[in-house]
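An overview of the molecular structure
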2 protein chains.
Amino acid sequence: MPYHHGDLRRALLAAGLSLLEKRGPAQVSLREVARVAGVSHNAPYRHFDSREALLAALAADGFEALGVAMEQAAEGRTGFERLRALGIAYIAFARAQPAVYLLMFGPELVKDPFPALKAVAERSFEVLRQAIETIVPVETRRAAVIGAWALVHGLSHLIADHQFPPDFAEEDKLDALIEDVLAIYRQGLARGAEPH
Amino acid sequence: MPYHHGDLRRALLAAGLSLLEKRGPAQVSLREVARVAGVSHNAPYRHFDSREALLAALAADGFEALGVAMEQAAEGRTGFERLRALGIAYIAFARAQPAVYLLMFGPELVKDPFPALKAVAERSFEVLRQAIETIVPVETRRAAVIGAWALVHGLSHLIADHQFPPDFAEEDKLDALIEDVLAIYRQGLARGAEPH
DNA sequence: ACCTGAACACCGTTCAAGT
DNA sequence: ACCTGAACACCGTTCAAGT
């Protein structure tokens, strides 16, 4: 009597995550996931309406984890130091879970039919918005938030998609590069905040 | 006698592009592409080794077009003005061809088996690298290039994936936002270039 | 060279049925 | 409630055959 009271759902998600990481989103099939979990090809429909719904659940878990990581990074820090910690935490998530990150921000999952996804995604944005609010004057605030998000997202996405030159394969070098890039943007914000 | 001497290849790519834009990369099937082009489900194999090879060809065309657009943007401009033009041109490409852009930088296409893809992609990077070279001191050059790429890529990707708040749906507002964001990064570069 | 039709092993999804 | 097996309409890919 395997998978009573809801364990199957977790087992299916675990199998889906494993497939996603090992073989990419296109290879996540409900039938394969069922096979890995040891149930019939049809059992997953008790927990997910469709293949897309399972992918959406994996992405939602990712947004949830990202939101938590960012809230923790923000806690107990202020000003530019908080902003830096948020950037590092965001990118760290993408480095730790590249496949999930690419799913969260990729076209293989059409997000419109899953409004819960959007809501969870907005939490991370909100944390970033508040951090920027305290260090940038009102006029440039919107561009500052969008720019900060775009910068960390761009770094994260390029890293997850292996688009960087091979000299950054070593973790330490990548760490240093990320710090330098964030510093450039921070200086741009600081200068914009100065009177001119 | 339709599709003699190589026209079929173009017709298949056109059908693939149309499917990609209308229904996403997962819906681009060789059989559907063949149907649209009016040939048997097997005819595409004369021109593409696999479904992935057709997607790779669409992505390669995208990188090619992006490279050309960036070279044109760089031409006749220097310094920060050239850098700005490159950023705008890069983002303009993503706005004009969001589906292709997402394919170029997404996981539904595993790029390793298509080395030609990587080569074409590096052309755009090279144009950016040269533009940065003329305005930033050697020490911070690497971070400046990666950061510039990450920033425009992040903006492009978030726009293509519809992740921005709805107030930027209007083209003009989005144009202004992009200019402001690029300006922040430019100021960061300028400050980094100053003696301190 | 380029195209076709049959075939195979996969999918997602639905349905009727079992406990 | 949760699971199963049969069924349907799709895929990608291969093969033997036609012009």
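In this text the structure is predicted, and so the values were computed from the model without any measurement. (Residues numbered from 1 in each chain as written. Chains lettered and ligands numbered in written order. Predicted model: local features only at pLDDT ≥ 70, side-chain atom pairs only at ≥ 80, totals over all residues. Heavy atoms only, no water.)

**Thoughts on the packing of aromatic side chains**
Each aromatic ring pair is characterised by the separation of its centres together with the angle its planes make. All names here are of chain B. Short version of the rule: Classification of ring pairs rests on two measures: the distance between centres of Phe, Tyr or Trp rings, Trp counted by its six-membered ring, which must be within 6.5 Å, and the angle between planes, read as stacked under 30 degrees, edge-to-face over 60 and tilted in between. Runs of H or I in DSSP of at least four residues are treated as helices and runs of E of at least two as strands, each being numbered from the N terminus. Throughout this description, buried means an accessible area under 20% of the type-specific maximum (1.4 Å probe, protein chains only), exposed means over 50%, and partly exposed covers the range between.
Counting across every chain of the model gives 12 aromatic pairs over all chains. Aromatic side chains Phe 63 and Phe 105 sit 5.5 Å apart centroid to centroid with 70 degrees between the ring planes, which places their arrangement in the edge-to-face category. One end of the pair, Phe 63, is in helix 3 (residues 51-74); the other, Phe 105, is in the loop between helix 5 (98-104) and helix 6 (115-133), with 42 residues separating them in the sequence. For the pair formed by Phe 63 and Phe 105, the shared burial category is buried. Aromatic pair Tyr 101 and Phe 105: ring centres 4.9 Å apart, planes at 40 degrees, arrangement tilted.

**A look at the protein's contact with DNA strand C**
This is how it is decided: To be near a molecule or strand, a residue needs just one of its heavy atoms within 4 Å of it. Definition of a polar contact: a pair of N or O atoms within 3.5 Å, with one able to donate and the other able to accept a hydrogen when the atoms are protein atoms, and with sequence-neighbouring residues admitted only if both atoms are side-chain atoms. The residue classification treats Ala, Val, Leu, Ile, Met, Phe, Trp, Tyr, Cys and Pro as nonpolar and Asp, Glu, Lys and Arg as charged. All others, Gly included, are polar.
In the vicinity of DNA strand C lie 20 residues, with A:Arg31, A:Arg35, A:Asn42, B:Ser40 and B:Asn42 positioned nearest. Atoms of DNA strand C within 4 Å of the protein belong to the sugar or the phosphate in 46% of instances, the rest to bases. Interatomic distance of 2.4 Å between a side-chain N/O atom of A:Asn42 and a base nitrogen of DNA strand C. Contacts to DNA strand C include B:His41, whose side-chain N or O atom sits 3.1 Å from a base nitrogen. With 4 residues, helix 2 (residues 30-37) of chain A is the single largest residue contributor to the surface near DNA strand C. Its residues placed into classes, the surface near DNA strand C shows 6 nonpolar, 8 polar and 6 charged.

**Some thoughts on the interface of chain B and chain A**
Our working rule: We call two residues contacting when some pair of their heavy atoms lies within 4.5 Å. The salt bridge criterion pairs a side-chain nitrogen of Lys or Arg with a carboxyl oxygen of Asp or Glu, the two atoms within 4 Å.
Counting from both sides, the interface comprises 41 residues of chain B and, opposite them, 41 residues of chain A. Ionic pairing is found between B:Asp167 and A:Arg142, a salt bridge with its closest N-O pair at 2.9 Å. For the interface between chain B and chain A, the tally reads 7 residue pairs in polar contact (both at pLDDT 80 or more). When residues of the side of chain B that touches chain A are traced back to their parent elements, those giving at least two are helix 5, helix 7 (138-160) and helix 8 (171-193) of chain B. When residues of the side of chain B that touches chain A are assigned to their parent elements, the largest contribution, 13 residues, is made by helix 7 of chain B. Of the residues belonging to the side of chain B that touches chain A, the class tally is 22 nonpolar, 10 polar and 9 charged.

**Overview of the layout of surface pockets**
What counts is decided by this rule: Cavities and pockets are found on a 1 Å grid laid over the protein atoms alone: a cavity is a set of points where a 1.4 Å probe fits but cannot escape, a pocket is an open set with protein on both sides within 12 Å along at least five of seven lines, and a lining residue has an atom within 4 Å of such a point. Grid points are joined across faces, edges and corners, and a volume is the space filled by probe spheres set on the points.
Here the largest pocket is characterised by a volume of approximately 810 Å³. Around the largest pocket sit 35 residues that line it, and A:Pro98, A:Leu102, A:Ala160, A:Asp161 and A:His162 are the ones nearest its centre. Listing elements by their share of the lining of the largest pocket, those giving two or more residues are helix 1 (7-23), helix 4 (79-96), helix 5 (98-104), helix 7 (141-160) and helix 8 (171-193) of chain A together with helix 3 of chain B. For the lining of the largest pocket, the element with the highest residue contribution is helix 1 of chain A, accounting for 4 residues. For the lining of the largest pocket, the per-class residue count stands at 18 nonpolar, 5 polar and 12 charged.

Don't take any of this as a statement about function, it's just geometry.
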